[in-house]
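An overview of the molecular structure
If you want the building blocks of each chain, they are given just below.
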Amino acid sequence: MARNVYTYQFYNETPDKPLGILLPFNKDAGGSRSDSSYTIEQQAMSNLKNLILTQKGERLYQPEFGTDIQRSLFENNTKELIVELQESLNEDIKFWLPYIIIEELRVFQNIDQHQIVITLSFKVSERGANQLITVFASSDGIVVQEENVEQQSTAPVANNIGGGY
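Residues numbered from 1 in each chain as written. Predicted model: local features only at pLDDT ≥ 70, side-chain atom pairs only at ≥ 80, totals over all residues. Heavy atoms only, no water.

Quick look at the environment of Glu103 now. With respect to the element layout, Glu103 can be found in strand 3 (residues 101–110). Taking C-alpha positions, Glu103 is 5.3 Å from Ser121, a pair spaced 18 residues apart along the chain. Contacts of Glu103, omitting those with residues within four sequence positions, involve Ser121, Phe122 and Lys123. (Helix = DSSP H or I, 4+ residues; strand = E, 2+ residues; numbered from the N terminus. Contact = heavy atoms within 4.5 Å.)

An α-helical turn contains 3.6 residues, so a residue and the one three or four places further along point in the same direction. Its 14 residues place the ends of helix 2 (residues 40–53) 20 Å apart at the C-alpha level, agreeing with the 20 Å of an ideal helix rising 1.5 Å per residue. The buried fraction of helix 2 is high, at 11 of 14 residues. (Expected span 1.5 Å × (residues − 1). Buried < 20%, exposed > 50% of the residue type's maximum accessible area, 1.4 Å probe, protein only.)

This part is about the pattern of salt bridges. On inspection of all chains with the given rule, the structure shows five salt bridges. In this structure, Lys56 and Asp92 form a salt bridge, with 3.0 Å as the shortest nitrogen-oxygen distance. Of the two residues, Lys56 sits in the loop between helix 2 and helix 3 (69–72) while Asp92 sits in helix 4 (residues 79–96), which places them 36 residues apart along the sequence. Owing to a relative accessible area of 27%, Lys56 belongs among the partly exposed residues under this scheme. For Asp92, a relative accessible area of 6% corresponds to the buried category. (Salt bridge = Lys/Arg side-chain N within 4 Å of Asp/Glu carboxyl O.)

Phi at Tyr61 is positive, roughly 65 degrees, even though this residue is not glycine. Here Tyr61 lies in the loop between helix 2 and helix 3. For Tyr61, a relative accessible area of 81% corresponds to the exposed category.

A word on the nonpolar core. Counting 28 residues, the largest nonpolar core has Leu48, Ile69, Ile118, Phe122, Ile133 and Val135 as the members making the most contacts within it. Of all the elements in the fold, those that place two or more residues in this core are helix 2, helix 4, strand 3, strand 4 (115–123), strand 5 (131–138) and strand 6 (141–148). The contacts of Val135, once residues within four sequence positions are left out, are Ile52, Ile69, Ile116, Val117, Ile118, Ile142, Val143 and Val144. (Core = buried A, V, L, I, M, F, W, Y, C linked by side-chain atoms within 4.5 Å.)

If you want it as structure tokens, here you go:
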């Protein structure tokens, strides 16, 4: 018996039923908003934040889920590290979230503050809106800021390390 091939179809052209759950789960960290996502872009952003905030090896039964951002903070601060981190992030996003189209991925070193700054511009589909995530990673934790490039609004989202299970 042949296996059915899954094709990604757009759902919820009119947002009347929720598609999923937004991160973070506690409203204190994200402000007063609904816990459900009603658009594909909202859910893709939440899924991407979940992937970024999860360290590889942290999730039970899925040890490869997540990114190596936190591990990279404690490596020697070299140009090779930045290239490795860019390649690793590209591979992780393409593997776990294949519906996200990466427009631009940049990694910067802030040596004075012992911080890595990552900017990721992406779309959910060819017709989707440009989205931008900025990740500030330091020994204190990982902070993710998101904005819709067309709206130019920024809202801090998370201040802790780790992801959901």
